[in-house]
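Tertiary structure, described
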Amino acid sequence: RKFNNGGNRKTKGALVATGCIVGVFVLTNAVLVASVLVPYGLGLPNYCGIGLYLLLSTGMVFFCLAGRTLRQEVRMTFEVTDRSVEEGRRQVARIVGRDTSNLSAQEVRTAALETLAENLSDGVVAPLFWMLLLGVPGMMTYKMVNTLDSMIGYRTERYERFGCWAAKIDDYANYIPARLTALLIVFAEKLMRWKRTSVKWLMGFVGRYGSQHASPNSGWPEAALAGVLDCQFGGGHNYFGVYFYKPFIGDYPRLLTTADMWRSLQIAMAVEMMMVGLMLLVMLIG
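Residues numbered from 1 in each chain as written. Predicted model: local features only at pLDDT ≥ 70, side-chain atom pairs only at ≥ 80, totals over all residues. Heavy atoms only, no water.

All right, on to a nonpolar patch on the surface then. A contiguous nonpolar patch, built from Leu132, Val276, Leu278, Leu280, Leu281, Val282, Met283 and Ile285 and spanning about 700 Å² of accessible area, is present on the exposed surface. For the nonpolar patch, the element with the most residues is helix 10 (residues 258–285), which contributes seven residues. Mapped onto the elements, Leu132 comes out in helix 5 (residues 105–152). Since its relative accessible area comes to 31%, Leu132 is described here as partly exposed. (Patch = residues over 30% accessible without salt bridge, like charges linked within 9 Å, V, L, I, M, F, W, Y side chains within 5 Å. Areas by Shrake-Rupley, 256 points an atom, 1.4 Å probe, with all protein chains shown as cover. Salt bridge = Lys/Arg side-chain N within 4 Å of Asp/Glu carboxyl O. Helix = DSSP H or I, 4+ residues; strand = E, 2+ residues; numbered from the N terminus. Buried < 20%, exposed > 50% of the residue type's maximum accessible area, 1.4 Å probe, protein only.)

Here it is in structure tokens:
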């Protein structure tokens, strides 16, 4: 509210974004270092500092991961939509940024699964990826990047200039994780053997539609899930009163069902487990 007004909004937005991001990285490092040094300085046994460090690190890791909450929200969206479209609109509004007031039941379900795919990258794979590269401070810093994008990274009159730095930084931070998420979704489906399509076909589907999304990253995991479910995502919606067109992902606009929701949640769970396993493997090799 203080900086997003008057002139030089782009510069002020850049200062806010970089200040928050660098600040979180420095602060997280300082807290973790202090958790070890302070008990030592007070003359406490070494295990006190180590225990406090592990406790804080574990808390930060759980704070950064949103897999379980995301799966619950998607499941609840499908369940309440089966009872009432109006309830579904209110429920899905908790996890999407678009205007949900006039969505049909199909659009509510589609929005929930699109968000599941996108946030499987933002809320699980990307935090773990940055933790692998830069430790817990890197994970916390990524969450600051992602939070800034979700708050001010919109192409609306209010945020287009002020939030452009936040949006660009988020694009770069998610470039590899988004594509890695799509790859893991494909492999997860093949492990479950739901479809007779080959990995080559699914990867071709992802390659064809992933780059067509309005976002440089969101389309990849969404295309992977759409290919697995053999459905269609995308289409235009209103955000903060402004209509944005999004290209369609997939050619088969069939009705989504509760069975699709359960399959998607199983895929999400499998991707989380595979990412954790991949992390442990890289750490052991390293």
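Within the largest apolar cluster, 67 residues are counted, with the highest numbers of intra-cluster contacts made by Val74, Leu113, Phe233, Val271 and Met275. Here Leu113 is in contact with Val74, Phe78, Leu225, Leu229, Phe233, Leu256, Met261 and Ser264, once residues within four sequence places are set aside. (Core = buried A, V, L, I, M, F, W, Y, C linked by side-chain atoms within 4.5 Å. Contact = heavy atoms within 4.5 Å.)

Summary: where empty space remains is shown by rolling a probe the size of a single water molecule over the atoms. Estimates place the volume of the second largest pocket at around 360 Å³. Among the elements of the structure, helix 2 (46–64), helix 3 (67–83), helix 5 and helix 10 are those that each provide at least two residues to the lining of the second largest pocket. Of the residues forming the lining of the second largest pocket, the biggest block, six residues, is contributed by helix 5. (1 Å grid on protein atoms, 1.4 Å probe; cavity = no way out; pocket = protein on both sides within 12 Å on 5 of 7 lines; lining within 4 Å. Points joined across faces, edges and corners; volume = space filled by probe spheres on them.)

Our next topic: empty space enclosed by the protein. Inspection of every chain in the model, using the stated rule, returns one cavity of 30 Å³ or more. By volume, the largest cavity is sized at about 40 Å³. Around the largest cavity sit Leu116, Ala117, Leu120, Ile185, Leu225, Ser264, Ile267 and Ala268, which together line it. Counting residues per element, the ones that place at least two in the lining of the largest cavity are helix 5 and helix 10.

Read these as spatial facts, not as claims about activity.
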